[in-house]
Amino acid sequence: IDPDSPAVLKAWNTVLSSLSPADWQPILPRLNRLATAHPQNADLAFDYGAALFRSEFAKGPRGALEQAQAFLEKAIKLRPDFPAAHLELAGLYAAQKHDQKAVDEYLETIRKDPKADIPHYKLGQLYRQMDKMDLAAKELAEYQELSRLHQEEIKRNRSAIQQFVLSQPAKSNN
């Protein structure tokens, strides 16, 4: 596997959210080796940090998040314009109850990727927990609007794909 390949990162990011806590144990040592072997690769630092965070968070209060935090911060240091790393670090800070740090990272994620809906949702939830209801309402309204626009885009893309597929002439077997 070429850790610098964009296909590898895309595949990993797809898998990341679908793994159960038990699935992490055989994966973490390999990610650690890859991240250690390629210390200047922001994607690998992110992947390992995110995997550690999700693995440790799934363990509950006994989970240790320091190493995950270090790798996520490293990913951001290596590539400051990495919205997924900012979003993951915000979630880690929120899990640690470092509310202001989490808010700052969610806001940074939004600055880096203004069309993303999830950071608005998570920030709105955090503001609600912080009893900042006006800010929560604003973020959740923004989430709803961005989510609606995203769903419309998906519908347009599906329609375009269907039109493309249906408009293709049938090939003859002569």
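Caption draft 1: Looking closely at the overall build of the chain. Secondary structure assignment for the chain yields 8 helices and 0 strands. Expressed as a percentage of the 174 residues in the chain, the buried residues total 36%. Taking the contacts inside the chain whose residues are at least 6 apart along the sequence as the reference set, 48% of them involve residues at least 24 apart.

Caption draft 2: Up close: the nonpolar core. In terms of nonpolar packing, the biggest core is built from 34 residues, with Phe46, Tyr48, Leu92 and Tyr106 touching the most fellow members. Looking at this core, the elements with two or more residues in it are helix 2 (21-37), helix 3 (42-58), helix 4 (66-78), helix 5 (83-95), helix 6 (99-112) and helix 7 (118-129).

Caption draft 3: Main features of the pattern of salt bridges. With the rule as written, the count across this model stands at 7 salt bridges. Between Arg111 and Glu108 there is a salt bridge, with its nearest N and O atoms 2.8 Å apart. Residue Arg111 and its partner Glu108 are located together in helix 6, separated by 3 residues, close to a single helical turn. For Arg111, a relative accessible area of 55% translates into the label exposed. By relative accessible area, which is 19% here, Glu108 ends up buried.

Caption draft 4: Region of interest: the side chain of His86. Inspection of the secondary structure assignment puts His86 in helix 5. Of the residues examined, His86 reaches a relative accessible area of 4% and is grouped as buried. If near-sequence neighbours (up to four positions away) are discounted, His86 is found in contact with Ile76, Pro80, Glu105, Glu108, Thr109 and Lys112.

Caption draft 5: The packing of aromatic side chains, seen in detail. Applying the stated criterion across every chain, the model contains 4 aromatic pairs. On the numbers, 4.7 Å between centres and 85° between planes, the contact of Tyr48 with Phe71 is edge-to-face. Of this pair, Tyr48 sits in helix 3 while Phe71 sits in helix 4, and the two are 23 residues apart along the sequence. Here the two residues Tyr48 and Phe71 agree in accessibility, since each one is buried. Ring geometry for Tyr121 and Tyr143: centres 5.0 Å apart, planes at 55°, overall tilted. Of this pair, Tyr121 sits in helix 7 while Tyr143 is found in helix 8 (residues 133-167), placing the two residues 22 residues apart along the sequence. You can call Tyr121 partly exposed: its relative accessible area is 35%. Judged by its relative accessible area of 23%, Tyr143 falls in the partly exposed class. Over the ring of Phe82 we find Arg79; its NZ or CZ atom is 4.1 Å from the centre of that ring.

Caption draft 6: A nonpolar patch on the surface, seen in detail. Among the surface-exposed residues, Ile161, Phe164, Val165 and Leu166 lie close enough to one another that they form a single nonpolar patch of about 470 Å² accessible area. With respect to the helices and strands, Phe164 occurs in helix 8. Owing to a relative accessible area of 53%, Phe164 belongs among the exposed residues under this scheme.

What counts, and at which threshold
- Residues numbered from 1 in each chain as written.
- Predicted model: local features only at pLDDT ≥ 70, side-chain atom pairs only at ≥ 80, totals over all residues.
- Heavy atoms only, no water.
- Helix = DSSP H or I, 4+ residues; strand = E, 2+ residues; numbered from the N terminus.
- Buried < 20%, exposed > 50% of the residue type's maximum accessible area, 1.4 Å probe, protein only.
- Contact = heavy atoms within 4.5 Å.
- Core = buried A, V, L, I, M, F, W, Y, C linked by side-chain atoms within 4.5 Å.
- Salt bridge = Lys/Arg side-chain N within 4 Å of Asp/Glu carboxyl O.
- Phe/Tyr/Trp six-rings, centres within 6.5 Å; stacked < 30°, edge-to-face > 60°.
- Lys NZ or Arg CZ within 6 Å of the ring centre and 35° of its normal.
- Patch = residues over 30% accessible without salt bridge, like charges linked within 9 Å, V, L, I, M, F, W, Y side chains within 5 Å.
- Areas by Shrake-Rupley, 256 points an atom, 1.4 Å probe, with all protein chains shown as cover.

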